[in-house]
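Structure at a glance
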Amino acid sequence: MFAGTLTKTADTAAAAFTGMIHSSRFDIAIQLETRTKMSERSPDFDVTAVNKSGRKVRIGTAWSEIGNTTDNPYLSMQIDVGLGPVRVNAVQTKEAREAQSGEYEIIPLVSNGTMKSGSISGELTAMDADNAFAGYIANMMFDLEFILVENTYKTEETHPDYRIEVSSPRGTPIRVGSAWMARSNRTGNDYVSLLFNTPDGDLRVNAVQNEEQRGGQTFSIIPFVQSAAPDRPGNTGLALVG
């Protein structure tokens, strides 16, 4: 669950890129410093940050890559801020590429694994304005408050209807998943299908209304159960649209 930005610096600067990386727990300023490559696959950069004592420490490495399907350049990073190693990518939006800017957006590496939902509690409430929702999801290992923000980039039926966002300690929005409005083939009732991207894999849950809630603004979050006839096209990872 990470977000952030990177900016390419002048060729004469000590760091090749500078930026910020955010999670629900921290906001950290980072630099990518060019390092000597020992082989073709060795990292191109060291990722560094300054700790609470003011000491510069290496928190990871990064590689310059080219997308297999898009031929667009991006940065692949592996970092560890004390929570275990995680992978993120720094990519450019279409607008940034067209403007030939040095601005990159840091996004989580899409997971191919699926996390079992197990015992989950949560609630989702429709907000009065902006076609948005607010809610929480929790178990004994995590507790997240989040909002659903309408996906204005949706152009195809399978694209998400909403982005799932949480806030960093400084209030920076972090995208942690996607959500789709759906209708049950069995009951005909509307519900919300949510896909959270976590360090342990993708977590799928549904937000449904029981008899008492039906017609109101509140939904209960329950574990996702795979059915023989899915109510919407299956998704194995985050559809990062826009």
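Residues numbered from 1 in each chain as written. Predicted model: local features only at pLDDT ≥ 70, side-chain atom pairs only at ≥ 80, totals over all residues. Heavy atoms only, no water.

- By the naming in an unreviewed UniProt entry, the chain goes by DUF736 family protein and is assigned to Phaeobacter gallaeciensis.

1. Thoughts on the overall build of the chain
- Of the regular secondary structure elements, the chain holds one helix and 17 strands.
- Within the chain, buried positions represent 44% of all 242 residues. (Helix = DSSP H or I, 4+ residues; strand = E, 2+ residues; numbered from the N terminus. Buried < 20%, exposed > 50% of the residue type's maximum accessible area, 1.4 Å probe, protein only.)

2. Quick notes on the pairing of strand β17 (residues 218–223)
- Where strand β10 (residues 121–126) and β17 come together, three bridges link them in antiparallel fashion. Residue L124 lies in a different strand from β17, and its bridge partner there is F219.
- Both strand β16 (residues 201–208) and β17 contribute to a ladder of four bridges, which runs antiparallel. The residue of β17 that forms the bridge with V205 is P223. (Pairing = 2+ DSSP bridges.)

3. Re the environment of H22
- If you trace the backbone, H22 turns up in strand β2 (residues 17–22).
- Overall, the relative accessible area of 9% leaves H22 in the buried class.
- With 146 residues separating them in the primary sequence, H22 and S168 have C-alpha atoms 6.0 Å apart.
- In this structure the side chain of H22 is engaged in a polar contact, spanning 2.5 Å, whose partner is the side chain of D27. (Polar contact = N/O pair within 3.5 Å; in protein donor to acceptor, adjacent residues only side chain to side chain.)

4. A look at the side chain of D27
- Within the secondary structure, D27 is located in strand β3 (residues 27–34).
- Within the buried set, D27 has no salt-bridge partner at all; the shortest N-O distance to an opposite charge, 4.3 Å, is to R170.
- Here S168 takes part through its side chain, which lies 2.6 Å from a polar atom of the side chain of D27.
- Of the polar contacts made by the side chain of D27, one reaches the backbone nitrogen of R170; its length is 3.0 Å.
- Among residues more than four places away in sequence, those in contact with D27 are M20, I21, H22, S168, P169, R170 and T172. (Lys, Arg positive; Asp, Glu negative; His and termini not counted. Salt bridge = Lys/Arg side-chain N within 4 Å of Asp/Glu carboxyl O. Contact = heavy atoms within 4.5 Å.)

5. Here's the deal with the nonpolar core
- Counting residues in each nonpolar core, the largest one holds 24 residues, and the members touching the most others are I137, F146, L148, L194 and F196.
- Every element with two or more residues in this core is listed here: β10, β11 (133–138), β12 (143–150), β13 (162–167), β14 (173–183), β15 (190–198), β16 and β17.
- Leaving out residues up to four positions away in the same chain, L194 has contacts with F146, L148, I164, S178, A179, L203, R204, V205, N206 and A207.
- The next biggest cluster of nonpolar side chains, apart from the first, holds 22 residues, and it includes I28, L75, M77 and V88. (Core = buried A, V, L, I, M, F, W, Y, C linked by side-chain atoms within 4.5 Å.)

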